[in-house]
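Notes for the structure review
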Amino acid sequence: MGIVLYQVDAFTSEPFGGNPAAVTLLSEPVPDTYMQAVAAEMNLSETAFLTPRGDSFGLRWFTPAAEVDLCGHATLASAHVLWTEGVVHSDARITFETLSGRLMAWRDGDRIMMDFPSEAAGQVEVPQALLDAVPARIVEGLRNRLDYMVVLDSEEAVRSLRPDMAAVASLGSRGMIVTALSHDAAYDFVSRYFAPQFGIPEDPVTGSAHCCLGPYWASRLDKPDLTGYQASTRGGVVHVAIRGNRVLIGGQAVSTARIEMLAQPA
């Protein structure tokens, strides 16, 4: 029998919204090449692979093209699967060991909360590739260890943006965050995220990008607890709370499919 994967829509309360991730709990180690092949077969922004480690779980994330260091929506989906499938008691906190260190997840009412590292960005001189990538007026350009972030002058500019994907891919970063203040009183800011070099032209909802968005807008708005809306076609709501050098990221999740992968690792 092959591995079983669960498809989960993250950062949404309704199926077929938010960002879909695939999650599987491995009973034994498999080659990296197999995990990458499964992720390419699933063709989602991320496929998460869980491995029991005593009281915690090893967690790795693969896009269709490569392994990544940090992923929010597939972590949220992983916690959701561990609880809903009865692997972990519904009231228990979950510890994940990842390439970005130890991450925690717990339930808070109808939300799943996650404890992530802050990935605050600093201002940079906007490179030509970024100017080429963004056919809109850039108010501010920033970068952290993962991504470039571009601040635009309006929510409409973020929603209507059609970036040059070849220019985005040439930036030398994981991806590009685009953001602006929200005109909707329900949200503090809006964003979109692009990572064509990792096989993700536009990511529907990017939890890890909020490790950067959260500190930026918390400072700009003098408000430690915020709500963001990622304005992709599917869309998703991300709750953010700044706690020192950590960022708490919250959202909901819905299971949509159970898939058995019949092919075995080589």
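Computed from a predicted structure; not experimentally measured. (Residues numbered from 1 in each chain as written. Predicted model: local features only at pLDDT ≥ 70, side-chain atom pairs only at ≥ 80, totals over all residues. Heavy atoms only, no water.)

**Section: the layout of surface pockets**
Note the cut-off: A pocket, in this scheme, is an open set of points on a 1 Å grid over the protein atoms alone with protein on both sides within 12 Å along at least 5 of 7 lines, while a cavity is a set where a 1.4 Å probe fits but cannot get out; residues line either one if an atom lies within 4 Å of a point. Grid points are joined across faces, edges and corners, and a volume is the space filled by probe spheres set on the points. Put simply, DSSP marks the helices as runs of H or I at least four residues long and the strands as runs of E at least two long, and each gets a number from the N terminus on. Amino acids are sorted into nonpolar (Ala, Val, Leu, Ile, Met, Phe, Trp, Tyr, Cys and Pro), charged (Asp, Glu, Lys and Arg) and polar (every other residue, Gly among them).
In this structure, the largest pocket occupies an estimated 320 Å³ of space. Along the walls of the largest pocket sit 20 residues, with Ile3, Val4, Leu25, Leu26 and Ser27 positioned nearest its centre. Elements with a minimum of two residues in the lining of the largest pocket: strand E1 (4-10), strand E2 (19-25) and helix H2 (73-84). By residue number, the principal contributor to the lining of the largest pocket is E2, which donates three residues. Grouping the constituent residues of the lining of the largest pocket by class yields 14 nonpolar, four polar and two charged. Of the voids in this model, the second largest pocket is the one considered here, and its volume is about 190 Å³. Contributing elements (two or more residues each) for the lining of the second largest pocket: strand E3 (46-53), strand E4 (56-62) and strand E6 (94-98). Grouping the constituent residues of the lining of the second largest pocket by class yields seven nonpolar, three polar and five charged.

**Structural notes on the pattern of salt bridges**
Heads up, the rule is: Think of a salt bridge as a Lys or Arg side-chain nitrogen and an Asp or Glu carboxyl oxygen that are within 4 Å of each other. In this scheme, a residue with accessible area under 20% of its type's maximum is buried, one over 50% is exposed, and one in between is partly exposed, where area comes from a 1.4 Å probe on protein chains only.
Taken as a whole and assessed by the stated rule, the structure comprises 12 salt bridges. Between arginine 60 and aspartate 32 there is a salt bridge, with the nearest N and O atoms lying 3.0 Å from each other. You can see arginine 60 sitting in strand E4 and its partner aspartate 32 sitting in helix H1 (residues 32-42), a full 28 residues away along the chain. Residue arginine 60 is classed as partly exposed on the basis of its relative accessible area, which comes to 26%. Overall, the relative accessible area of 40% leaves aspartate 32 in the partly exposed class.

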